[in-house]
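In case you want the letters, here they are:
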Amino acid sequence: MSEIRLAAETRTEFGKGAARRARRAGFVPGVVYGHGHAPVHLNLPGHDLMMALKTPNTLLVVPIEGKDEYVLPKAVQREAIKRTIEHVDLLLVKRGEKVTVEIPVHTEGELAPGGNLLEHVLQALPIEAEATHLPEAVTVSVEGLEAGASIHAKDITLPNGVSLAVEADVVVLQVIAAQAAPAEDEAAEAEAGAEA
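As the structure is a prediction and not an experimental result, all values here were calculated from the model.

Peer 1: Help me understand the sheet that holds strand β14 (residues 171-176) in this model?
Peer 2: Across a sheet, paired strands are connected by hydrogen bonds in the backbone, their directions being either parallel or antiparallel. Taken together, the three strands give an open sheet; going across it, the order is β9-β14-β12, and neighbouring strands pair in antiparallel fashion. One side of each edge strand has no neighbouring strand; the edge strands of this open sheet are β9 (117-120) and β12 (150-152). Between one strand and the next, the sheet's axes are offset by a mean angle of 10°, whatever the strand orientation. With three bridges joining them, β12 and β14 adopt antiparallel strand pairing. By the bridge assignment, His-152 is partnered in β14 with Val-171.

Right, dumping it as structure tokens:
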């Protein structure tokens, strides 16, 4: 995983008015916490932050009190309509430290013929890994799976140094049989077609 350096500034003004002024100037207010330190309030460059957050669990490097520190995004508040970033909470992490995050589950391959549906029971898989070596996602093959088949957390191959942060028997994906239309509905559709 690559690290993204952001040129953050320490915030000295607080409150809604200060936050609005920061946003108008192209910044996003944020707070860094963790490791027993007092929270540090920052203004982060809005565009750079938005681009960085397109990658899940991206490792950011921000200057705090003259020293570059690693942080992970923990909570991102977005504006309801425009979806612009309003505020971000960042977790301070150290190199070599294990953290628990959720990574997206991607699938590849085709299900067995028959119109079956693939249900993502878990959209993201909770894992534990070193903060500076977090995988972006995990890919699972669903090739040839038939209705009733399921993939559990323990069935997913994880990169070296990554472990599950969820029970091994939790269902992540399952294949559901296609729903057949009831016979009465088919008859009603046939009658409607004949009348037309």
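Peer 1: Would you mind going over the sheet that holds strand β8 (residues 98-108) with me for this structure?
Peer 2: Pairing is mixed across the open sheet formed by four strands, whose spatial order is β11-β8-β10-β13. Looking at strand neighbours, the two that pair on one side only are β11 (138-141) and β13 (163-164), the edges of this open sheet. Pairing analysis gives seven bridges linking β8 to strand β10 (residues 124-130), with the strands arranged antiparallel. Within β10, the residue paired with Val-99 across the bridge is Ala-129.

Peer 1: Teacher, can you tell me more about the side chain of Asn-116 here?
Peer 2: Within the secondary structure, Asn-116 sits in the loop between β8 and β9. Asn-116 sits in the buried class, given a relative accessible area of 17%. Residues in contact with Asn-116, not counting those within four places in the same chain, are Leu-111, Glu-146, Ala-147, Val-175, Ile-176, Ala-177 and Ala-178.

Peer 1: What am I meant to see in unusual backbone geometry here?
Peer 2: Negative phi is the rule for most residues except glycine; trans is the rule for most peptide bonds. Positive phi values are uncommon outside glycine, yet Glu-65 reaches one of about 50°. Positionally, Glu-65 belongs in the loop between β5 (59-64) and β6 (67-78). Judged by its relative accessible area of 75%, Glu-65 falls in the exposed class. Here Arg-83, not a glycine, exhibits a phi torsion of approximately 65°, which is positive.

Peer 1: When you look at the environment of Lys-94 in this model, what are you seeing that I'm missing?
Peer 2: Assignment of secondary structure puts Lys-94 in the loop between β7 (85-93) and β8. A sequence separation of 62 residues divides Lys-94 from Val-32, and the C-alpha atoms of the two residues are 13 Å apart. Sequence-distant contacts of Lys-94, defined by excluding residues within four places in its chain, comprise His-35, Glu-69 and Ala-131.

Peer 1: I would appreciate a short explanation of helix α1 (residues 16-24) in the present structure.
Peer 2: The α-helix winds at 3.6 residues per turn, so residues separated by three or four positions along the chain end up facing the same way. Of the positions making up α1, those classed as buried are Ala-18, Ala-19 and Ala-22. Down the axis of α1, the buried set is contained in an arc of 100°. They therefore lie on one face. Residues of α1 that are exposed and point over 90 degrees away from its buried face: Lys-16 and Arg-24. The secondary structure elements touched by the buried residues of α1 are β3 (27-34) and β4 (37-45). Backbone geometry just after α1 places Gly-26 at a positive phi near 90°.

Rules behind the numbers
- Residues numbered from 1 in each chain as written.
- Predicted model: local features only at pLDDT ≥ 70, side-chain atom pairs only at ≥ 80, totals over all residues.
- Heavy atoms only, no water.
- Pairing = 2+ DSSP bridges.
- Helix = DSSP H or I, 4+ residues; strand = E, 2+ residues; numbered from the N terminus.
- Axes fitted to C-alpha atoms, helices over the stretch in contact; angles between N-to-C directions.
- Buried < 20%, exposed > 50% of the residue type's maximum accessible area, 1.4 Å probe, protein only.
- Contact = heavy atoms within 4.5 Å.
- Arc of directions from axis to C-beta.

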